[in-house]
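Read off the chains here:
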Amino acid sequence: MRAEGAEELALAGNLSSRFAEQSLLGRIGPLQVRLARDSEEIAAAQSLRFRVFYREMGAKPGTLQALEERDADRFDFVCDHLLVIDTSLPGLERDRIVGTYRLLPQERAVAAGGFYSDGEFALETLVARHPGRRFLELGRSCVLPAYRSRRTIELLWQGIWAYCRSHNVDVMTGCASFPGTVPAAHAEALSFLAHFCRAEDPWHVSARAGRFAAMDLMPAEAVNAKTALAAMPPLIKGYLRLGARFGDGCVIDHDFSTTDVLVVLPVEAISERYIAYYGAEAQRFAV
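Residues numbered from 1 in each chain as written. Predicted model: local features only at pLDDT ≥ 70, side-chain atom pairs only at ≥ 80, totals over all residues. Heavy atoms only, no water.

## Description of the overall build of the protein
Scanning the protein for helices and strands turns up 11 helices and nine strands. In the protein, buried positions account for 52% of the 287 residues. In the structure as shown, the protein presents an accessible area of about 13000 Å², 54% of it carried by carbon and sulfur atoms. (Helix = DSSP H or I, 4+ residues; strand = E, 2+ residues; numbered from the N terminus. Buried < 20%, exposed > 50% of the residue type's maximum accessible area, 1.4 Å probe, protein only. Areas by Shrake-Rupley, 256 points an atom, 1.4 Å probe, with all protein chains shown as cover.)

## Remarks on the side chain of Asp80
Within the secondary structure, Asp80 sits in strand 3 (residues 80-86). At a separation of 3.2 Å, a polar atom in the side chain of Asp80 contacts the side chain of Arg108. (Polar contact = N/O pair within 3.5 Å; in protein donor to acceptor, adjacent residues only side chain to side chain.)

## Some words on the environment of Leu123
Looking at where Leu123 falls in the secondary structure, it is placed in helix 6 (residues 123-128). On the basis of relative accessible area, Leu123 is assigned to the buried category, the value being 0%. Remark: the alpha-carbon pair of Leu123 and Ala207, spanning 84 residues in sequence, is separated by 8.7 Å.

## Considering the pairing of strand 9 (residues 258-266)
Of all nine residues that make up strand 9, nine are buried, and the element is covered over most of its length. Here strand 9 shows no split at all, with Thr258, Asp260, Leu262, Val264 and Pro266 on one side and Thr259, Val261, Val263 and Leu265 on the other all buried. Note that strand 6 (residues 171-179) and strand 9 share nine bridges and pair antiparallel. Bridge pairing in strand 9 links Pro179 to Thr258. Pairing between strand 7 (residues 245-246) and strand 9: two bridges, direction antiparallel. Looking at strand 9, one finds that Phe246 is bridged to Val263. (Pairing = 2+ DSSP bridges.)

## Re the confidence of the model for the protein
Taken over all residues, the pLDDT of the protein has a mean of 89, while the share at 70 or more is 89%. In this model residues 1-21 is a low-confidence stretch, pLDDT under 50, and it forms 24 contacts with partners more than four residues away in sequence or in other chains. (pLDDT = per-residue confidence, 0-100. Contact = heavy atoms within 4.5 Å.)

## A word on the side chain of His186
For His186, the location among the structural elements is in the loop between strand 6 and helix 8 (187-196). Look at His186 and you get buried, because its relative accessible area is 14%. In terms of polar contacts, His186 uses its side chain to reach the backbone carbonyl oxygen of Pro179, at 2.7 Å. Sequence-distant contacts of His186, that is, excluding residues within four places in its chain, are made with Phe178 and Pro179.

## Section: the environment of Gly29
Inspection of the secondary structure puts Gly29 in the loop between strand 1 (24-28) and strand 2 (31-35). Overall, the relative accessible area of 56% leaves Gly29 in the exposed class. Note: C-alpha distance between Gly29 and Thr87 (58 residues apart in sequence) is 9.1 Å.

## Focus on helix 10 (residues 234-242)
Of the positions making up helix 10, those classed as buried are Ile236, Gly238, Tyr239, Leu240 and Leu242. Downstream of helix 10 by one or two residues, Gly243 has phi in the positive range, about 110°.

## A few points about the nonpolar core
Counting 87 residues, the largest nonpolar core has Met172, Leu193 and Phe246 as its most contacted members. With residues up to four places along the chain from it excluded, the contact list for Leu193 reads Phe178, Arg198, Met215, Met232, Ile236, Leu240 and Phe246. (Core = buried A, V, L, I, M, F, W, Y, C linked by side-chain atoms within 4.5 Å.)

## Comments concerning the packing of aromatic side chains
Across all of its chains, the model carries six aromatic pairs by this definition. On the numbers, 5.8 Å between centres and 80° between planes, the contact of Phe53 with Phe256 is edge-to-face. On the criterion of sequence distance, the pair formed by Phe53 in helix 3 (residues 39-56) and Phe256 in the loop between strand 8 (251-253) and strand 9 is long-range, its members being 203 residues apart. Assigned by exposure class, Phe53 and Phe256 land together as buried. Note on Phe192 and Phe196: the rings are 5.5 Å apart at their centroids and 50° apart in plane angle, and the pair reads as tilted. On the criterion of helical spacing, the pair formed by Phe192 and Phe196 is a turn pair, its members being four residues apart in helix 8. Its relative accessible area of 11% is what places Phe192 among the buried residues. (Phe/Tyr/Trp six-rings, centres within 6.5 Å; stacked < 30°, edge-to-face > 60°.)

Set out below in structure tokens:
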């Protein structure tokens, strides 16, 4: 999306006060997770996203993105940026960033004119049905290949849970992606989500009419749960383990060469064993 220059400058001016409040959100061995503290660390996260999304996964950069070799849009200025840092690496901390996740709290989404996912899913209708709930959008998740392990995923979730606790988040949502732009290539996995994991009222939400692509590509009785789960991207499997449900319909994102689904995860629906697993450690970092 095109950024509005004056709006970006005004929003960027608020960064320094937010960054002054940031602290460590988690630690596993030499890996730490925390929020970006300044514009240079945000730029480093954008560069990491470019390496993963564009060089590795085949997304199509715009002219400015290609010149700067950064994945950036107008939402970056209102988001918090979760960083995984390998403290054992040499150099400055911004050179040690090995993973990132973008966090957009509801009040900042309102100030920015909506959530990023609004372009694909009717998220505003879901938010409107829950006026007493505080939503957090998760997006732009990526990790360098050498760090795509269970330990890194656990650290990211430790950081997200600490963030949710300290910001009183009630509902997590956001797009998650299957690779490629042909839903039929993921027929069994998408059908599993459609038949067995779809969000029902009051959490039902649909892909926008002009972008809706069917997910129920196989009848329910033909879906093998074991093979469907094995075919899921790790991020989506992680959401499922936590108790997430998914929107109705998927969306083909030709710019990023992905097939997107919408995750809906009320905090109250998170499995108790995962709250016990992440909560004890995350609580130390939630203040």
